[in-house]
Amino acid sequence: MIDVNLQLTLAARYLNGRKLRTFLTTLAVVFGVLVIFGMNIILPTMLAALQANVMGTEGMVDFSITHISSEPFPQSVADKLQGVDGVRVYSPSLTRTINIPADFYDKDANKTDNVTVLSLMGVIPEQARSVRSYTIVEGRYLTADDSASALISRTLADAIKVNVGDTFRIPSVDGTTELTIVGILPAQIFGGNETVMVNLPEAQIITNEPGKVNVIDINTETTALEERRAEVTKNIETALGNDYQVGTLLTGSEMFASLRLGQAMFSVFGVMALFMGGFIIFNTFRTIVAERRRDIGMLRALGANRRTIIGMILAEGFLQGILGTCIGLTLGYLMAAGIINFIGPFMSSFINLNMGAPVVSPLLLIGSIFLGVGVTVVAGLIPALSASKVTPLEALRPSAAETQFNQRTGFGFAGGVVIIVLTVIAILTGQPALIIPGGFLFLLGLVLLAPTLVRPVALVFGRVIGSLYARQGIGELAQGNVTRQPSRVAVTASTSMLALAVIVAMGGMVSSLTGVLFDLVRFNLGSDYLFVPPSIALWGSNVATTPEFANQLKAVDGVEAVSTLRYSSAISNGQAISLLGIDPVSYPAVSGFYFQDSLYADDDAAYASLTEGRNMLVNGSLMATLGKQVGDTIEIVTPDGTLQYRIVAMGTDMLNAKVTTGFISQTNLQNDFGVTDDVFIQLNLKKNADRAAADKTIRALAEKYPTFKVVIGTEYYESLNSQMNAAFSGMYALFLLLALPSLIAMLNTLTISVIERTREIGMIRAAGGTRKQIRTMIVAEALLLAAIGTAFGILGGLYLGYVIVVAMKGIFPLGYVFPTNGILAGILIGLLFGVFAALIPARQAARMNVVEALRYE
Amino acid sequence: MSNIQVEKLTKTYGSGTTAVVALDHVNVTIRESEFVAIMGPSGCGKSTLLHLLGGLDKPSEGHVIIGGHNLSDLNDDQLTELRRRKIGFVFQFFNLIPVLNALENAALPITLDGVKPAEAKAKATEWLTKFGLADRLVNRPDQLSGGQQQRVAIARALVADPELILADEPTGNLDTRSSDEIASLLRDVSKQYKRTVVMVTHDPRIAAYADRIIFLKDGKVVDETLLERKNGKAADFVAGKVKEFGD
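How each quantity is defined
- Residues numbered from 1 in each chain as written.
- Chains lettered and ligands numbered in written order.
- Predicted model: local features only at pLDDT ≥ 70, side-chain atom pairs only at ≥ 80, totals over all residues.
- Heavy atoms only, no water.
- Helix = DSSP H or I, 4+ residues; strand = E, 2+ residues; numbered from the N terminus.
- Buried < 20%, exposed > 50% of the residue type's maximum accessible area, 1.4 Å probe, protein only.
- Contact = heavy atoms within 4.5 Å.
- Axes fitted to C-alpha atoms, helices over the stretch in contact; angles between N-to-C directions.
- Left-handed = near helix turned anticlockwise from the far one by under 90°.
- Pairing = 2+ DSSP bridges.
- Salt bridge = Lys/Arg side-chain N within 4 Å of Asp/Glu carboxyl O.
- Patch = residues over 30% accessible without salt bridge, like charges linked within 9 Å, V, L, I, M, F, W, Y side chains within 5 Å.
- Areas by Shrake-Rupley, 256 points an atom, 1.4 Å probe, with all protein chains shown as cover.
- Lys, Arg positive; Asp, Glu negative; His and termini not counted.
- Charge placed at Lys NZ, Arg CZ, Asp CG, Glu CD.
- Buried area = accessible area lost by both parts, 1.4 Å probe.
- Polar contact = N/O pair within 3.5 Å; in protein donor to acceptor, adjacent residues only side chain to side chain.
- pLDDT = per-residue confidence, 0-100.
- Phe/Tyr/Trp six-rings, centres within 6.5 Å; stacked < 30°, edge-to-face > 60°.
- Lys NZ or Arg CZ within 6 Å of the ring centre and 35° of its normal.
- Expected span 1.5 Å × (residues − 1).
- Arc of directions from axis to C-beta.
- Parallel < 35°, antiparallel > 145°, perpendicular 65-115°, else oblique.
- Nonpolar A, V, L, I, M, F, W, Y, C, P; charged D, E, K, R; others polar.

Regarding the overall build of chain B
A tally of regular secondary structure across chain B gives eight helices and ten strands. Evaluated residue by residue, chain B yields a buried proportion of 55% over its 247 residues. Sequence separation of 24 or more characterises 70% of the internal contacts of chain B that already satisfy a separation of 6 or more.

Structure follows, in structure tokens:
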């Protein structure tokens, strides 16, 4: 214990004694923790918002039964629960989330909408009251005779300024439905879906689901015995069959898979940042040990054992880890809150998702603390072990800056060569399973080779630097300073390499992605008119409309073609998927599928195949999620049984890229899933149409269907473009953030290098070197460091860029584009950072007092 | 503890044709509470002898026996413990920990040995007070003069109550007045506090404070002289000896 006290005291004093170095090293930890913690708040917050938005209401019931496809099922299924042992009462209901179009209630575009989503609950009143109690604060409860009547919450009533006896409207398949308020339920404590309770037949009409329900709430006999509860659960499952599950509705869950993938990508990003932070800390501790050899030797001479020395170094790491982690957590939270605030409007307008406050899971908090402190301590472990090997005699020898002149070609070099060769072979195999991990291993290989490659690379770039600064007389000096510490330079270059590799790779990805995306937007959404529901891609949360609207549009003078999308959710292989019904003739005429792989030679044949049997076009997300290939068959669970569909082609469309989606014919969607209503409509006018007249008629028709917002194609395209540009700007900012550790690493290395060479710098000044020459020398060294890191970074980025293309293949059609933009960005950032990193150390070195510098120990 | 016995002590660096014999079968006996100075020209092996006496290095041949313990029989941990409890070191460049104050530096050996902080600081305070540093306890090394720093170092060397003090050029970095103060202090350590003190020095004036001088040349003992102080010309005598054996 006393030993620990001494170690912590020494650690704290040393940290305090070198404030700048402590600051720089702690910054590395801060950054890593900030990225991990902050990035992993964003997606859970989105998930929480998604779940709050689309999940059905739960109450104080023992069980809720839904179909595994989350789709409505015949009301008669509920009757199977009659007489089931342990079931006391049950209540079938049809519960649907209804997205409310913008300005639906207040009709004022300048005001923020108070109500953006409702939860429509169709119940059999007496059965509903038998499973759950409903307090009526005003008016009365529903009766079985009520029609076009509703109970609403006090919060909803206040929001849309209605009371008992008033009518209000909600979107429905026929456009809108007017309901009279017969009673008011208590105010909702938590925000989210406001409930509108109607009679079951009313809900079935509103949503065009005749005779259907999607939830059965059950209350069982009261029992605390786990065994009896399990028995009752089994009885219920036996009565209903395998296609029903105990659980709640999960509309929109097809998006969860994509969000989870996004979460994984963010985690990788964060781990890379912390890894880089670890490099910086390792570099710093190595220098600390070198600087303190005499102190360490003296401690050993006085009787400190090796354990004490190791503990002293690790204690410093521990303290820095704690400090850096605390600051990183705080800044990470603020960063996440800022990003959530930034993307909020985008989420709200595109998928009608209201992002709430940042969600922080206890596991994330603990994990971030563990990683932040752990990486710092582990990064200091090797230097600590090295310190413990310092002999007492070191205390008696004069100190000197360490120099390494021998070429380092040991185990690390051999390992690096082997890894590089294997990763290059991986590319040649064309196997994603090998290529993707190969990308990261390639970077590891470069890190292992770095100490050996530093000298020859420095010699090459050094000649350039040397010739640039020849007249100042410091070119060779700068080159020599870099090459005499290849290990330290290698660590700095590795940190820069990681950051710049990501920039080069991502830069290339963004270039090709923007090109593809913008093309796709024009291709998919370039129709003359679009009729857009409140939430795109989360189709299940919108109220659809009957085909009557589309038929009316087709009849408008001047309209050439109308294409509609119809939606059903389904389960395949335990995964939630989205099924969209298209008309194989009108869909390609107005929009289109971007084919990447097909059983057919041309697109028309692929579309036509949808009318023959049960064929399906799928997007990459579905293929990746289910692990299928074109030509495979998949099983889909429907309320009427399990069906087999064959995948005839793979591609993508702009609207559903991130959601596991399959496209089938609208005929099959009707026959197999009972869906006939439209969730999205696109329309093209004839070339010679009277556009003004057609526009007037179209808008007049659309007024009866306020679920859809009428958008001119070109306007939609422009709006999407600017939103995508904003998103990409955010991505560029993220990349720049990732490059920050390289700046810290260079700053760290240069600062330490200046401190170590104090006496030498004093000597140069004493011999007649000017302050300007000293400054220039440091800047030249920085440029050399940056050049080395950038060179490695470009190599790493080229491989990583290819990895990204391979990884994205399953989700988005990205062809490999040589990342010229990324390379240019990498060079610019690398060299600029080099110059920035040199500013403070150069100034410090130039301002040194000559006499004090010569006396420095 | 008793005497220190050095028997046929040899230290060779390198091997074959490039081998350098720093010490060549040296035999020395140092009595309890004796103050011995080791002198000789540069490269004669005096510092090597000191390092071997303190267990900082291992001999190529021969033994160092301190208090009945043959240092060659001790492993690294045992040597470490010996240095912590039985031997105190005073270095030329003071080697104080820059981030600890005078009191903490002086208490360091016994803190490392697990003594409670309060007790360690009390002992260190006692020694620092004896050496006239009572008002400098909380000053860091950079706030102390060279002489003051070396006094802290001597207090540190004594705090664990060792029987042997090894001083390697303790006045090498000090001015004349401070040097005399330190040398006098070391003599008091020997005579007043009854510790054995072995000091390496090249300064005849400082060596004159010792009881006996051992002269080394080319790794061998070439002379041992007891010093007499009655006529106050010990320094001149030593200087003469140094001239005789080269510097």
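As for the packing of helix α15 (residues 486-525) of chain A against helix α25 (residues 820-846) of chain A
Residues and elements named next belong to chain A. In contact at an axis separation of 7 Å, α15 and α25 are set at 145 degrees when each is read in the N-to-C sense. Crossing of α15 over α25 shows right-handed handedness. In contact with Leu500, Ile503, Val504, Gly507, Gly508 and Ser511 of α15, α25 contributes Asn821, Gly822, Ile823, Ala825, Gly826, Ile829 and Gly830.

Concerning the sheet that holds strand β9 (residues 212-217) of chain B
Residue and element names in this part refer to chain B. Taking strand neighbours across the sheet as the criterion, the six strands line up as β6-β7-β8-β3-β9-β10 in an open arrangement whose pairing is mixed. Bordering the open sheet on either side are β6 (87-90) and β10 (220-226), each of which pairs with just one other strand. Going from strand to strand, the sheet's axes swing by 20 degrees on average, the running direction of each strand aside. The pairing of β9 with β10 spans six bridges and is classified as antiparallel. From the neighbouring strand, Lys217 faces β10, where its bridge partner is Lys220. Contacts from helix α6 (residues 176-191) reach β3 (35-39), β7 (164-168) and β8 (196-200), with the element oriented near 135 degrees to β3. On the sheet, helix α8 (residues 234-245) packs against β3, β9 and β10 and is oriented at approximately 15 degrees with respect to β9.

Considering unusual backbone geometry
Residues and elements named next belong to chain B. For Lys8, which is not glycine, the phi torsion reads 50 degrees and is therefore positive. When you line up the elements, Lys8 lands in strand β1 (residues 4-13). One non-glycine residue, Asn95, lies in the positive phi region at around 55 degrees. Mapped onto the fold, Asn95 is located in the loop between β6 and α3 (102-112). Owing to a relative accessible area of 5%, Asn95 belongs among the buried residues under this scheme.

Points about the sheet that holds strand β5 (residues 69-70) of chain B
Residue and element names in this part refer to chain B. Strand order in the open sheet made by the four strands is β2-β1-β4-β5, with antiparallel pairing throughout. Among the strands making up the open sheet, the edge pair consists of β2 (20-30) and β5. Pairing of β1 with β2, which is carried by seven bridges, proceeds in the antiparallel orientation. The partner of Tyr13 across the bridge, within β2, is Val20.

Details of the pairing of strand β7 (residues 167-172) of chain A
Residue and element names in this part refer to chain A. Here six bridges tie β7 to strand β8 (residues 175-185), and the two strands are oriented antiparallel to one another. Looking across to β8, one finds that Ile170 is bridged to Thr177. Hairpin geometry of β7 and β8 is characterised by an intervening segment of two residues between the two adjacent antiparallel strands.

Concerning the environment of Ser563(A)
All names here are of chain A. Along the chain, the position of Ser563 falls in strand β14 (residues 559-572). We classify Ser563 as buried; its relative accessible area is 2%. Sequence spacing of Ser563 and Ala589 is 26 residues, and the spatial spacing of their C-alpha atoms is 8.0 Å. With near-sequence residues (within four places) excluded, Ser563 lies in contact with Ser586, Tyr587, Val590, Phe680, Ile681 and Gln682.

Here's the deal with the pattern of salt bridges
All names here are of chain A. Inspection of every chain in the model, using the stated rule, returns 31 salt bridges over all chains. For Arg129, the salt bridge goes to Glu126, with nearest N and O atoms at 3.6 Å. Linking Arg129 with Glu126, this pair stays in helix α3 (residues 125-131), spanning three residues, or about one helical turn. For Arg129, a relative accessible area of 39% translates into the label partly exposed.

Let's talk about a positive patch on the surface
Residues and elements named next belong to chain A. A grouping of Arg771, Lys772, Arg775, Arg843 and Arg847 is seen on the molecular surface, where their side chains present a positively charged patch. No other element matches helix α24 (residues 771-808), which puts three residues into the positive patch. By secondary structure assignment, the location of Arg775 is in helix α24.

A look at the side chain of Asn524(A)
Tracing the backbone through its elements, the reader meets Asn524(A) in helix α15. Those residues within four positions of Asn524(A) in sequence are excluded, and the remaining contacts are Tyr587(A), Ser591(A), Gly592(A), Asp653(A), Met654(A), Leu655(A) and Gln682(A).

Structural notes on the side chain of Thr545(A)
Residue and element names in this part refer to chain A. Note that Thr545 resides in the loop between β13 (529-532) and α16 (548-554). The exposure class of Thr545 is buried, given its relative accessible area of 0%. Other than its neighbours up to four places away in sequence, Thr545 contacts Ser172, Val173, Asp677, Asp678, Tyr705 and Phe708.

Considerations on the interface of chain A and chain B
Counting residues at the interface gives 23 residues for chain A and 28 residues for chain B. Between chain A and chain B, roughly 2300 Å² of surface is buried when both sides are summed, and carbon and sulfur atoms account for 67% of that area. Along the contact surface separating chain A from chain B lie three salt bridges. Applying the counting rule to chain A against chain B returns six residue pairs in polar contact (both at pLDDT 80 or more). Elements represented by at least two residues in the side of chain A that touches chain B include exactly α1 (2-17), α8 (293-302) and α9 (306-351) of chain A.

Observations regarding the confidence of the model for chain B
Caution applies to low-pLDDT parts of the model: their predicted coordinates are not meant to be read in detail. All names here are of chain B. Averaged over all residues, the pLDDT of chain B is 88; the fraction at 70 or higher stands at 96%. Model confidence for chain B, summarised as mean pLDDT per element, is weakest for α8 at 76 and strongest for β8 at 95. Interface scoring of the predicted complex returns ipTM 0.76; its pTM is 0.67.

With respect to the packing of aromatic side chains
Residues and elements named next belong to chain A. Within this structure, the stated rule accounts for 16 aromatic pairs over all chains. Between Phe73 and Tyr244, the ring centres sit 5.0 Å apart and the planes meet at 85 degrees, which makes this aromatic pair edge-to-face. Residue Phe73 is found in strand β2 (residues 73-74), and its partner Tyr244 is found in strand β12 (residues 244-246); the two are separated by 171 residues along the sequence. Plain terms: the ring middles of Trp539 and Phe680 are 5.7 Å apart, the flat faces sit at 55 degrees to each other, and that makes the pair tilted. Of this pair, Trp539 sits in the loop between β13 and α16 while Phe680 sits in strand β21 (residues 678-685), and the two are 141 residues apart along the sequence. Here Phe680 falls in the buried class, since its relative accessible area comes to 1%. Connected via pairs of aromatic rings, a cluster forms that spans Tyr587, Phe593, Phe595, Tyr607 and Phe663. In this arrangement the basic side chain of Arg169 is found over the ring face of Phe104, its NZ or CZ atom lying 4.1 Å from the centre.

Re a nonpolar patch on the surface
All names here are of chain A. Side chains of Leu323, Ile327, Leu331, Tyr333, Leu334, Val360, Leu365, Ile366 and Ile369 sit close together on the surface and give an oily, nonpolar patch of about 740 Å² of accessible area. Contributing elements (two or more residues each) for the nonpolar patch: α9 and α10 (362-379). When residues of the nonpolar patch are assigned to their parent elements, the largest contribution, five residues, is made by α9. Tracing the chain through its elements places Ile327 in helix α9. Residue Ile327 is classed as partly exposed on the basis of its relative accessible area of 37%.

Comments concerning the confidence of the model for chain A
Residues and elements named next belong to chain A. Here chain A shows a mean pLDDT of 82. Residues at 70 or above account for 88%. Mean pLDDT values over the elements of chain A span from 66, in helix α26 (residues 850-855), up to 95, in α16. This stretch, residues 54-59, has a pLDDT under 50; its non-local contacts, to residues over four places away or in other chains, come to 17 contacts. Segment residues 399-407 is flagged for pLDDT under 50; beyond a separation of four residues in sequence, or across chains, it makes 16 contacts in the model.

Section: the pairing of β6(B)
Residue and element names in this part refer to chain B. With burial as the criterion, each face of β6 is covered, one bearing Ile87 and Phe89 and the other bearing Gly88 and Val90. Relative to β7, β6 runs parallel, the two being bridged by four bridges. Looking at the pairing, Ile87 lines up with Leu164 of β7.

Focus on helix α12 (residues 411-429) of chain A
All names here are of chain A. Taking 1.5 Å of rise per residue, the 19 residues of α12 would be expected to cover 27 Å, and the 27 Å separating its terminal C-alpha atoms lies within 8% of that figure. Every buried residue belonging to α12 is among Gly415, Gly416, Ile419, Ile420, Thr423 and Ala426, and all of these are buried. Along α12, the residues classed as buried sweep out an arc of 135 degrees about the axis, all on the same side. What points out from α12, more than 90 degrees from its buried face, is the exposed set Leu422 and Leu428.

A word on the packing of α3(B) against helix α5 (residues 146-158) of chain B
All names here are of chain B. Axis separation between α3 and α5 bottoms out at 6 Å; the angle between their running directions is 30 degrees. Between α3 and α5, the angle is such that the two are roughly parallel. You can see that α3 and α5 cross each other, and the crossing is right-handed. In contact with Ala102, Asn105, Ala106 and Pro109 of α3, α5 contributes Val152, Ala155 and Arg156. A class-by-class count of the residues in the contact of α3 with α5 yields five nonpolar, one polar and one charged.

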